[in-house]
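# Coordinate inspection notes
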Amino acid sequence: MKSNLLLFHFLVALFCAKAEHGGAGSSIIFTTLGRLDYAFDIFSLPINEEHHPPTLFDEIQITDGESVNFNGHFPSPSSTASLLSLLPNQTLVQTIFGVDPPPLQVVYVTERDGVSNLYYDVVISDDPNSENARRRRSALEVFDRVQVPILGKKLVSDKISMKDKPNLIGNHVIYVSTHENTGEPRTSWAAVYSTELKSGVTRRLTPYGVADFSPAVSPSGIRTAVASYGAKGWDGEVEELSTDIYIFLTRDGTQRVKIVEHGGWPSWVDESTLYFHRRGEDQWWSIYRAILPSNGKISVDSVVIERVTPPGLHAFTPATSPGNKNFIAVATRRPTSSFRHIELYDLKKNEFKELTRLVSPQSHHLNPFISPDSTRVGYHKCRGDGNGRKNSKLFLENVHSPVSDISLFRIDGSFPSVSLKNDVIAFVEFPGVYAVNLDGSNRRKVYNGNAFSTVWDPVRNGVIYTGAGPEFAPVSAEVDIISINIENPDHVIVKKLTTNGLNNAFPSPSPDGKRIVFRSGKTGYKNLYIMDAEDGEKGGLQRLTEGPWSDTMCSWSPDGELIAFASDRHNPGGGSFELYLIHPNGTGLRKLIKSGSGGRVNHPEFSPDGKSIVFTTDYAGISAEPISNTHHYQPYGEIFTVKLDGSDLRRLTHNSYEDGTPFWVHKSLRPVNVEWPIDRPRCQFEDLHWLNDMPGPSFGVGLMDKAECGMKF
């Protein structure tokens, strides 16, 4: 009897714990700018110092076409034995490593199974010079592949987090992880860790209170270099982080010292020389060399800095190989191209040698790395639909959730919301409002004009509200709240509800479906108003907030008692937004989330039980150097939840992308990926917009190549 009573109390406690996180069995759908278009894989080209131009047949796709694979690293021979010990089939290992030529080995970041991890692949291919290999080209077509995750399931560092920039030295992998909360708003969780491969013992190398990015281990393994903005913290920049370069002992993170002011993405060539990038005073991104003193104190003052690459093009994310004083690999953006490419820079002749543009001129190639013997260069790019593989684009991608009763989904669209019957999702593209069934079928455009934000009427089936007009527009821009009735698919009815056209946006209906709260710029400032849901402003208008600031992105609670919204009222016009709550009668205004100095807390949405709110924020700062990724307007947005009393703040997503516009679904969606049942274009992402603006004269160059694909927001 006693054991049954204990079991009963345990089940009650378990149920209550689940209920506290937004109601048992719910899902959150959110947008990540460009992410579902990436389809990145690791590719490689041979390096020929005589510069025989590479061809399409020379390029090998190393990784397996599953999910997104990027930021690779060719392990050194000293690490091979430790890596092989992780492989489950040692007999196969011996067989594989008896072949000639030896297999390709790569360590890389992958986001398969909805969670970030580090993987090790061994790939057997034909002699790359054989006719058979030239016909087949791709490592995907070879028979043998051995693959294993490096970070096991039981490791502390295997908590849900972003993993990045792996380096292997001996028995250890050095990498970035975001699994430890700093406890401070707008402070990056990115830190460098060391994990012993066999035991899984993990050690933090970054001091607490500091964020480190882009680690690089010296050839001997004694020192690690990182880009870090130190104790001064992040000031909100999204183009070039104001990082410096520090070095420390790899074994324990001690003897940390700053060696370069203003620099990022370090890469060692020997124990006293490393390369890095920064944007110079002439505004060109260029590669620089740092030479450490052979004896005496190492400091910013004793390190010699030399510029390596000339102005006239952007060069960044340098890659080196041990002892190689002949060349480095870099990513470039030239004034003659809309794409970033991988090139070698000859350190003797001071000239560039193009690689990837000769193979795939209209694809972006990112973050090169060189094999220890300097014979191969690796990089990642979008795999497209080659190699005869089925590469379906996802409509919904299931992202592993740190909260057991909440499933997470990334959607191929913006501003998603789910219908009253939980069977149709509305979302926006720019332009257009779309509706699609939960399984990805029956995708149809229900409004042709530009719009942003969608929300369904909670009572009238088939009615969607949105703000129609330009996004990110001034307060006087013509934007109106409209309703879109799609109940009869053959006769969609669009009705304008606001009358003044002065930036009316972010509608949210009351739970009884009778009223709508929205933001409007009718007084010259963005404040909140409430109007009739069917007749709009003509049916009556109540002013909810008033002041010379911006109150926006409002959401009505399921019980009708509260309205959540984002506001800069604490610093009008300063660009910082915090989260507030207010009663629909205008009383009880209170701040729920403070975003930190200059921070942002946006797009709040209530949980189905009304006890929590999901929102997007820069609370966790920035997680990687933005230049190592493609374009994100805000490469720091993550999805968080919080209870209405401000407690139990939880981070749900970990990446270096821009997550936003979350919607809390009223039921739990099955945690599986949903593919588009129709052909959808892939690789439609853009490079960093600020790389498009070339500084200085045009050097006689004509118009830039037109990108094959891209989305503008």
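Per chain, residue numbering runs from 1 following the sequence as it is written. It should be noted that, the model being predicted, local features are given only for residues of pLDDT at least 70 and side-chain atom pairs only at 80 or more, the latter also being counted only at that level, while totals for whole chains, interfaces and linings use all residues. Excluded from the side-chain calculations are hydrogens and water; all other atoms, namely the structure's heavy atoms, are used.

## Some remarks on the overall build of the protein
Filter applied, for reference: Secondary structure counts use DSSP, requiring at least four H or I residues in a row for a helix and at least two E residues in a row for a strand, with both numbered from the N terminus. Only protein chains enter the accessibility calculation, which uses a 1.4 Å probe; a residue whose area is less than 20% of its type maximum is buried, one above 50% is exposed, and one in between is partly exposed. By definition, residues are in contact when any of their heavy atoms lie within 4.5 Å. What sets the accessible areas is the Shrake-Rupley method with a 1.4 Å probe; for residues, cover comes only from the shown protein chains.
Per the secondary structure count, the protein includes four helices and 49 strands. For the protein, the residues scored as buried account for 59% of the 713 residues in total. For the protein, the proportion of contacts with a sequence separation of at least 24, taken over those separated by at least 6, is 56%. Approximately 28,500 Å² of the protein is accessible, and the part contributed by carbon and sulfur atoms is 51%.

## Looking at the layout of surface pockets
Think of a ball as big as a water molecule: rolled over the atoms, this probe shows where empty space is left. Using the following cut-off: Of the grid points, spaced at 1 Å and generated over the protein atoms alone, those admitting a 1.4 Å probe that cannot get out make up cavities, while open sets with protein on both sides within 12 Å along at least five of seven lines make up pockets; any residue with an atom within 4 Å of a point is treated as lining. Grid points are joined across faces, edges and corners, and a volume is the space filled by probe spheres set on the points. Throughout, the ten residues Ala, Val, Leu, Ile, Met, Phe, Trp, Tyr, Cys and Pro are labelled nonpolar, Asp, Glu, Lys and Arg are labelled charged, and all others, Gly among them, are labelled polar.
Approximately 1,200 Å³ is the volume attributed to the largest pocket. Every residue lining the largest pocket is counted, 50 residues in all, and those nearest its centre are Phe415, Phe472, His603, Glu658 and Thr661. Mapped by element, the contributors of at least two residues to the lining of the largest pocket are β1 (26–32), β28 (414–418), β40 (551–556), β44 (601–606), β45 (612–617) and β48 (659–665). Class assignment for the residues of the lining of the largest pocket results in 18 nonpolar, 18 polar and 14 charged.

## Re the sheet that holds strand β22 (residues 341–346)
As a reminder of what qualifies: Two strands make a pair as long as DSSP finds a minimum of two bridges between them. Only the stretch in contact is used when a helix axis is fitted, and all axes are lines through C-alpha atoms; the angle between N-to-C directions ranges over 0 to 180 degrees.
Taken together, the four strands give an open sheet; going across it, the order is β20-β21-β22-β23, and neighbouring strands pair in antiparallel fashion. On the outer flanks of this sheet lie β20 (314–319) and β23 (351–354), each paired with one strand and no other. Pairs of neighbouring strands in the sheet enclose a mean axial angle of 40°, with direction left out of account. Where β20 lies against strand β21 (residues 327–333), four bridges are found, and the strand directions are antiparallel. Considered in β21, the bridge of His314 is made with Arg333.

## A closer look at the state of the cysteines
For the record, the criterion: Disulfides are defined as pairs of cysteine sulfur atoms found within 2.5 Å of each other.
What the rule picks out here adds up to one disulfide. Note that Cys382 is cross-linked by a disulfide to Cys683, the S-S spacing being 2.0 Å. Sign of the S-S torsion, about -75° for the bond between Cys382 and Cys683, identifies this disulfide as left-handed. Placement of the pair is Cys382 in strand β25 (residues 376–382) and Cys683 in the segment after β49 (674–675), with a sequence separation of 301 residues. In terms of burial, Cys382 and Cys683 fall into one category: buried.

## Some points on the confidence of the model for the protein
Applicable threshold: You can read pLDDT as the predictor saying how much it trusts each residue, on a scale of 0 to 100.
With 87% of its residues at a pLDDT of 70 or more, the protein has an overall mean of 88. Note that residues 1–23 has pLDDT below 50 and, in this model, 21 contacts with residues that lie over four places away or in other chains. Low pLDDT (under 50) marks residues 128–143, which in the prediction has 34 contacts with non-local residues, meaning those over four places away or in another chain.

## Describing the packing of aromatic side chains
So the rule is basically this: Each aromatic pair joins two rings of Phe, Tyr and Trp (for Trp, the six-membered one) with centres within 6.5 Å, and gets the label stacked for planes under 30 degrees apart, edge-to-face for over 60, and tilted for any other angle.
Scanning the model with the defined rule gives 23 aromatic pairs in all. Seen from their ring centres, Phe40 and Phe685 are 5.6 Å apart, and the 80° between their planes marks the pair as edge-to-face. Pair noted here: Phe40 is in strand β2 (residues 40–46) and Phe685 is in the segment after β49, with a separation of 645 residues, a long-range link. Taking relative accessible area as the criterion, Phe40 reaches 5% and is therefore assigned buried. The buried category is assigned to Phe685, whose relative accessible area is 7%. Between Trp285 and Phe316 the ring centres are 6.5 Å apart and the planes differ by 75°, which places this aromatic pair in the edge-to-face class. In this pair, Trp285 sits in strand β18 (residues 285–291) while Phe316 sits in strand β20, placing the two residues 31 residues apart along the sequence. Summarising the burial analysis for this pair, Trp285 and Phe316 share the class buried.

## Describing the pattern of salt bridges
It is possible for side chains bearing opposite charge to pair when their charged atoms get close. The condition is simple: We define a salt bridge as a side-chain nitrogen of Lys or Arg found within 4 Å of a carboxyl oxygen belonging to Asp or Glu.
Counted under the stated rule, the structure contains 37 salt bridges. For Lys232, the salt bridge identified is with Asp244, shortest N-O distance 3.6 Å. One end of the pair, Lys232, is in the loop between β13 (223–228) and β14 (244–249); the other, Asp244, is in strand β14, and 12 residues separate them in sequence. The exposure class assigned to Lys232 is exposed, which follows from its relative accessible area of 54%.

## Considering the side chain of Thr617
Condition: Polar contact is defined as a pair of N or O atoms within 3.5 Å, subject to the rule that within protein one atom must be able to donate a hydrogen and the other to accept it, and that residues adjacent in sequence are counted only when both atoms are side-chain atoms.
Checked against the element boundaries, Thr617 lands in strand β45. Relative accessible area serves as the criterion here: at 4%, Thr617 is assigned to the buried category. Reaching out from Thr617, the side chain makes a polar contact with the backbone oxygen of Arg600 at a distance of 2.9 Å. Leaving out residues up to four positions away in the same chain, Thr617 has contacts with Arg600, Val601, Tyr636, Gly637, Glu638 and Phe640.

## Brief notes about the nonpolar core
To keep it simple, the criterion reads: Put simply, buried Ala, Val, Leu, Ile, Met, Phe, Trp, Tyr and Cys residues joined by side-chain atoms within 4.5 Å make one nonpolar core.
The biggest cluster of nonpolar side chains holds 29 residues, and the ones touching the most others in it are Leu83, Leu87, Leu118, Tyr120, Ile150 and Val173. Elements supplying a minimum of two residues to this core: α2 (77–84), β5 (104–110), β6 (117–123), β7 (145–149), β9 (172–177) and β10 (191–196). Here the element with the most residues in this core is β6; it accounts for three residues. Core analysis: the second largest hydrophobic core is formed by 23 residues, Val424, Val428, Ala468 and Ile484 among them.

## Remarks on the sheet that holds strand β17 (residues 273–279)
Strand order across the open sheet formed by four strands is β16-β17-β18-β19, with antiparallel pairing between neighbours. This sheet does not close on itself; its edge strands, each paired only once, are β16 (264–270) and β19 (304–307). Shown here is a sheet whose adjacent strand axes are inclined to one another by a mean of 30°, direction ignored. When β18 meets β19, the two strands line up antiparallel, connected through four bridges.

## Some words on the pairing of β40
The side chains of a regular strand alternate, residue by residue, between the two faces of the sheet. Across the six residues that make up β40, a large majority, six, are buried. Pairing geometry for β40 and strand β41 (residues 563–567), over four bridges, is antiparallel. Bridge pairing links Thr552 to Ala566 in β41.

## A word on the environment of Thr254
Among the secondary structure elements, Thr254 is positioned in the loop between β14 and β15 (257–260). Thr254 sits in the partly exposed class, given a relative accessible area of 35%. Remark: the alpha-carbon pair of Thr254 and Pro207, spanning 47 residues in sequence, is separated by 9.1 Å. Excluding anything up to four places from it in sequence, Thr254 contacts Phe248 and Leu249.

## So, the side chain of Glu578
The topology assignment puts Glu578 in strand β42 (residues 578–582). A polar contact of 2.7 Å, which involves the side chain of Glu578, links it to the side chain of Lys591.

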